[in-house]
Every structure is written in structure tokens, then in C-alpha cells.
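Chain residues, written in single-letter form:
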Amino acid sequence: MTKYSRITGTGSYLPPKRVTNAELAAQLAADGVETSDQWIVERTGIRARHFAEADVTSSDLGLHAARSALEAAGRQPSDIDLIIVATSTPDMVFPSSAAILQHKLGIAGCPAFDVQAVCSGFVYALTVADAMIRTGSASKALVIGAEVFSRILDFKDRTTCVLFGDGAGAVVLEASDTPGILATDLHADGKYVGILCVPGNVSGGKVLGDPLLKMDGQAVFKLAVGVLEESARATLQKAGRTEADIDWLIPHQANIRIMQGTAKKLKLPMDKLVVTVDQHGNTSAASIPLALDAAVRKGQVKKGDTLMLEGVGGGFTWGAVLLDF
Ligand code: UT7
């Protein structure tokens, strides 16, 4: 049996429409919502985000990212025997965006399903794919994070609408005799449902509740820094590694202050932190694979580097994946 799973290719995709803080602030001002580039940059580190056009879905964004990851891995869609899409903004109530994406890739037959763990979705999906590969249920998986968070934003709520963006990232994860994924760590605590949620549902042909994102930013902030440190340490311990072994920390890209706080707690220098939140905003489940692919294509992350991927978000959910790239 295969001992490990290993990332053999990465890809990502951002919808072309880029909206700077100044542009967003001007649009919001027209509706009487006051914000500024300065506030957004100082509190979050975000300078711009991408928004998908109204007819573009998560599976559309995910398809571009998947094709680019396949190309990087030197694989064809027909080589793939498992597709997992992490998303909280699926194309439909059902079927899964993964099944829709599978058809768009022109393949059929292999298992395809979505994982819903909000901003921790990608580390959840990667952990599931790793387990399925190590137990022999799959040998070449596409693991994708894809989101159109712009659809669930309340553009009258300045405390949330300036934070999020759309995009997708993907990896090809393959069976390997050498590592690969070294250790994983996942958690959830449902008592925190209310601090970050979209409290709506479809029922009897109508939306029941509120279909727009609600967040208690400060509560999320405090929890995030604590659990990200804990989960990184737990993952290192499982792998028998230490902080000093980490070449790159790739945390969920929500707020530069959370990311810097985590790096500091782990005593990692800031130049080991991959940062894309400035250009992407928070793309939820897409943020980690987007950041990973950007770092690979920039030549920051190189083959053999040890990476700590960390997610945190609604649920409350959190977790980490330590891997040799
Ligand atoms: O992906 C899931 C993970 N999500 C997160 O990680 C988000 C975590 N939370 C955060 O990143 C931060 O808490 C925020 C960026 C959401 C907020 O930053 P903060 O430093 O906690 O600000 P705050 O909520 O304490 O607000 C400070 C002030 C308030 O005004 P008053 O009450 O002091 O007069 C807000 O009304 O800033 C005001 N404010 C804004 N002002 C201009 C809030 N949003 C804005 C805005 N523009 N967009």
C-alpha cells in the first residue's frame, strides 16, 4: 500500500474583474456606506480583491484552477480518480460543484464531492484526499478550493463586505512512496456557529432566514490566533518536526494581523509567511491553494520545501496540514 500522498502540481484562477479598496469605497459611498482604503489596509492588509461576473460559478473558477494544476503536474483529466471541491458557495443546492466540475473537465466515473468547512475547507479536503490515497481508494486526486463569496456579501455592511473576494486554487495530489503530506490536524466546535455564518436556507421555494454573511469580527479574530498556533504545534508534533523545519507558513488569508500574530507565536520570521491577502482579500476555501500556487509560480516555494498550511473559519472550524512539497 502507498505510504504517502504528495502534491505534484498547483494551479489557481482569479476572475478578471479586480476591485481596489478605493474603487470599492466609491461604490459603497454611492449607497451611503462609508469606508476608506486607509481603514481597510490598516485593519486587514487588503488592497484589492477580484469579483466574478454574475453568471460565473464556483465550478467555473475551479475548472480553470484545476486545468492549470493538471498542466503543472503533467497530467490529463482522464488520469484523475478523485475530485474534492471545498466550497461554501456551491453552484447549486445539489448536485455538488465537484460533480459539475467533473463533467466540465470531460471525465466521468470517479468519485466527486464537495467539502463544506468554510475557510478551513481546503485543509479539510486535502486531509480527506490524503486519507483516501493512503488507504488505496484513490491514486491521483484533484483537490480544489473555489468560491464566489461576492454572492453572499451584504454590501450595506461595511464590517464584512470589504473583506472577501472570489477565486479558486487547486492541487493534484498523488500516491507516492516518499512524503508528501507528513501530518494533518482537523477540528470543529459548533458552539461558535453564530460568530460567522450565512443564516439562511431554501425552503418551499423561498429563502428562509438571511442569505447574507454575518460575522462578529473580533470574536473570530481572537479565536483564530489561538487555534492556529495550537493546530500548527499539534501537527508538528504528530510529524516529529519543529517550528525550525517550516520553510513556509501558508495560513488562510483573512487578515494580515492574524497571519503575523500566528507567525510570531510560532517564532517564525515574517519572510517565511506567504501573503496574498493584499491582492486577493479573503477567498475562504480558495485562499490557501491560491496562496500556494502564487508562491510556487513566484519561485518562493520550491520542491522539497516544508510547508505548513493552516485554515480557520466558520463552524467554528480549524486545522493544519504539514507537508514536504
Ligand atoms: O475567513 C474567516 C475568518 N475571518 C476573519 O479572520 C476576520 C477576523 N476579524 C477581523 O479581521 C477584524 O476583526 C476586522 C477586520 C473584521 C475588524 O477589525 P477590528 O480592528 O476588529 O475593528 P472593529 O470591529 O473593532 O471596528 C473598529 C471601528 C468600528 O467603529 P467604532 O465602533 O470604533 O466607531 C467599526 O464600526 O471600525 C469601524 N469599521 C469600519 N470603518 C471603516 C468597521 N468596518 C469598517 C470599514 N470601514 N469597512
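Note that the structure is a prediction, hence the values are computed from the model and not measured.

Section: the overall build of the protein
Here comes step 1: Looking only at helices and strands, one finds 10 helices and 15 strands in the protein.
Here comes step 2: Expressed as lengths along the three principal axes of its C-alpha atoms, the size of the protein is roughly 60 × 45 × 40 Å.
Here comes step 3: Residues classed as buried in the protein amount to 53% of the 325 residues present.
Here comes step 4: Across the protein, every contact between residues at least 6 apart in sequence was considered, and the portion connecting residues at least 24 apart equals 77%.
Here comes step 5: Accessible area of the protein: about 13,400 Å², with a carbon and sulfur share of 53%.
Here comes step 6: In the protein, the 31 positive side-chain charges and the 35 negative ones have mean positions that sit 3 Å from each other.

Quick notes on the domain arrangement of the protein
The figure often quoted for interface size is the accessible area lost as the parts come together.
Here comes step 1: Here the protein is described as being made up of domain 1 (4-177) and domain 2 (182-324).
Here comes step 2: Measuring from the centre of the C-alpha atoms in domain 1 to the corresponding centre in domain 2 gives 14 Å.
Here comes step 3: Here domain 1 meets domain 2 over a buried area of about 3,700 Å², counting both sides, of which 62% is carbon and sulfur.
Here comes step 4: The three residues of domain 1 that bury the most area against domain 2 are Cys119, Val123 and Tyr124, which together make up 16% of that side's buried surface.
Here comes step 5: The interface formed by domain 1 and domain 2 contains 23 residue pairs in polar contact (both at pLDDT 80 or more).
Here comes step 6: Taken together, the elements giving at least two residues each to the side of domain 1 that touches domain 2 come down to strand 1 (4-13), helix 2 (37-44), strand 3 (48-50), helix 3 (58-73), helix 5 (121-134), strand 6 (140-148) and strand 7 (166-176).
Here comes step 7: Residue contributions to the side of domain 1 that touches domain 2 peak at 7 residues, all from helix 5.
Here comes step 8: In terms of residue class, the side of domain 1 that touches domain 2 is made up of 24 nonpolar, 16 polar and 11 charged.

Basis of the calculations
The residue numbers shown here count from 1 along each chain, following its written sequence. Whole-chain, interface and lining totals are the exception, using all residues; otherwise, since this is a predicted model, local features are given only for residues with pLDDT of at least 70 and side-chain atom pairs are given and counted only at 80 or more. To obtain the side-chain values, all non-hydrogen atoms of the structure were included, while hydrogens and water were left out. Each helix is a run of DSSP H or I of at least 4 residues and each strand a run of E of at least 2, with the numbering of both proceeding from the N terminus. Relative accessibility decides the category of a residue: with a 1.4 Å probe and only protein chains considered, values under 20% of the type maximum give buried, values over 50% give exposed, and everything between is partly exposed. Note on contacts: a residue pair is in contact if any heavy atoms of the two residues lie within 4.5 Å. Note on areas: Shrake-Rupley, 1.4 Å probe, and residue coverage restricted to the protein chains presented here. Positive: Lys, Arg. Negative: Asp, Glu. His and the chain ends are not part of the count. The atom standing in for a charge is NZ when the residue is Lys, CZ when it is Arg, CG when it is Asp and CD when it is Glu. The source of the domain bounds is an automatic or database domain assignment. By convention, the term buried area covers the 1.4 Å-probe accessible surface removed from two parts as they join, with the contributions of both added. In protein, a polar contact means a hydrogen-donor-capable atom and an acceptor-capable atom, both N or O and within 3.5 Å, with residues adjacent in sequence counting only if both atoms are side-chain atoms; elsewhere, any N or O pair within 3.5 Å suffices. Charged residues are taken to be Asp, Glu, Lys and Arg, nonpolar residues to be Ala, Val, Leu, Ile, Met, Phe, Trp, Tyr, Cys and Pro, and polar residues to be all remaining types, Gly included.

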